[in-house]
Amino acid sequence: MENQVFVMNHPLIQHKLTHLRNKTTGSKEFRELVSEIAMLECYEATRDLPLEDTQIETPMGMATTQVIAGRKLAFVPILRAGLGMVDGVLALVPAAKVGHIGLYRDHETLQPVEYYSKLPSDIKERDVIVLDPMLATGGSAIDAISIIKRSCPKSIKFMCIIAAPEGIKAFTEVHPDVHVYCAAVDEKLNEVGYIVPGLGDAGDRIFGTL
Ligand code: PRP
Ligand code: URA
């Protein structure tokens, strides 16, 4: 499990996460912080992209330099809260395609309910990074990735901001092949499935629907 879950403790990420958690942070700043943290996490989650040599001419002469080796990416936010991470990751990888998986957690059962799915038609040729700020029980991420696996992408990673230990355990048992990138692993889930200390309901704070 240790080799599957990467906690990104970069000072910039941790500083922004503190503001994100603060209950006095309003929707506008919350959205900006989610986007910025997603961008910083994406930098780390794409560290293993392969490079290839290319020849270019600088104003001073010829140079052999490197570019990303034709690898195609797709980002797949889990609706709704995952949408908040899309701008940040696209700022780093503007050529990536974006799919969407619509899931919500039934408040009584905590089980994810699927209501939408639209993935890029060439997903088989792509490496996929699934986006959702919260990994709580793990149900939503587990189901989203099971749905995406049916389309056989080249690889899948999961990027969140806060994870609960319970969610990590459930997720890594079902999808041991999917690396998880997060900014923090919190203490626990409360009795209604919210992460403690967490940040509250990410979707509601992003979209101001509290
Ligand atoms: C939240 C969050 C995750 C899910 C995590 O979404 O954004 O998708 O809960 O919980 P889990 O790990 O226990 O499945 P929610 O269902 O509240 O929908 P929303 O994004 O529309 O607010
Ligand atoms: N979804 C959220 O948005 N927050 C939590 O703490 C758990 C699930």
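Below, the structure is looked at part by part.

Conventions used here
Residues numbered from 1 in each chain as written. Chains lettered and ligands numbered in written order. Predicted model: local features only at pLDDT ≥ 70, side-chain atom pairs only at ≥ 80, totals over all residues. Heavy atoms only, no water. Helix = DSSP H or I, 4+ residues; strand = E, 2+ residues; numbered from the N terminus. Patch = residues over 30% accessible without salt bridge, like charges linked within 9 Å, V, L, I, M, F, W, Y side chains within 5 Å. Areas by Shrake-Rupley, 256 points an atom, 1.4 Å probe, with all protein chains shown as cover. Salt bridge = Lys/Arg side-chain N within 4 Å of Asp/Glu carboxyl O. Buried < 20%, exposed > 50% of the residue type's maximum accessible area, 1.4 Å probe, protein only. Near = heavy atom within 4 Å. Polar contact = N/O pair within 3.5 Å; in protein donor to acceptor, adjacent residues only side chain to side chain. Nonpolar A, V, L, I, M, F, W, Y, C, P; charged D, E, K, R; others polar.

Look at the link from L79 to R80: it is a cis peptide, with omega at -5 degrees. For R80, the location among the structural elements is in the loop between β4 (72-79) and α3 (86-92). A cis amide bond links V196 with the next residue in sequence, P197, at an omega value of 0 degrees. Assignment of secondary structure puts P197 in the loop between β15 (195-196) and α6 (202-207). Despite not being glycine, L110 shows a phi value in the positive range, around 65 degrees. Structurally, L110 is set in the loop between β6 (100-105) and β7 (112-118). Positive phi, normally seen in glycine, also occurs at C152, with a value near 55 degrees. By the secondary structure assignment, C152 is in the loop between α4 (139-149) and β10 (155-159).

Let us now look at a nonpolar patch on the surface. A cluster of nonpolar side chains, Y104, Y115 and Y116, forms an exposed patch at the surface whose accessible area comes to about 330 Å². By the secondary structure assignment, Y104 is in strand β6. Given a relative accessible area of 43%, Y104 falls into the partly exposed group.

Every residue near ligand 2 is listed here: R105, M134, A136, G193, Y194, I195, G200, D201 and A202. Between ligand 2 and G200, the relevant distance is 2.8 Å, taken from a nitrogen atom to a main-chain nitrogen or oxygen of the residue. At 2.8 Å, a backbone N or O of A202 approaches an oxygen atom of ligand 2. Classifying every residue of the shell around ligand 2 gives 5 nonpolar, 2 polar and 2 charged.

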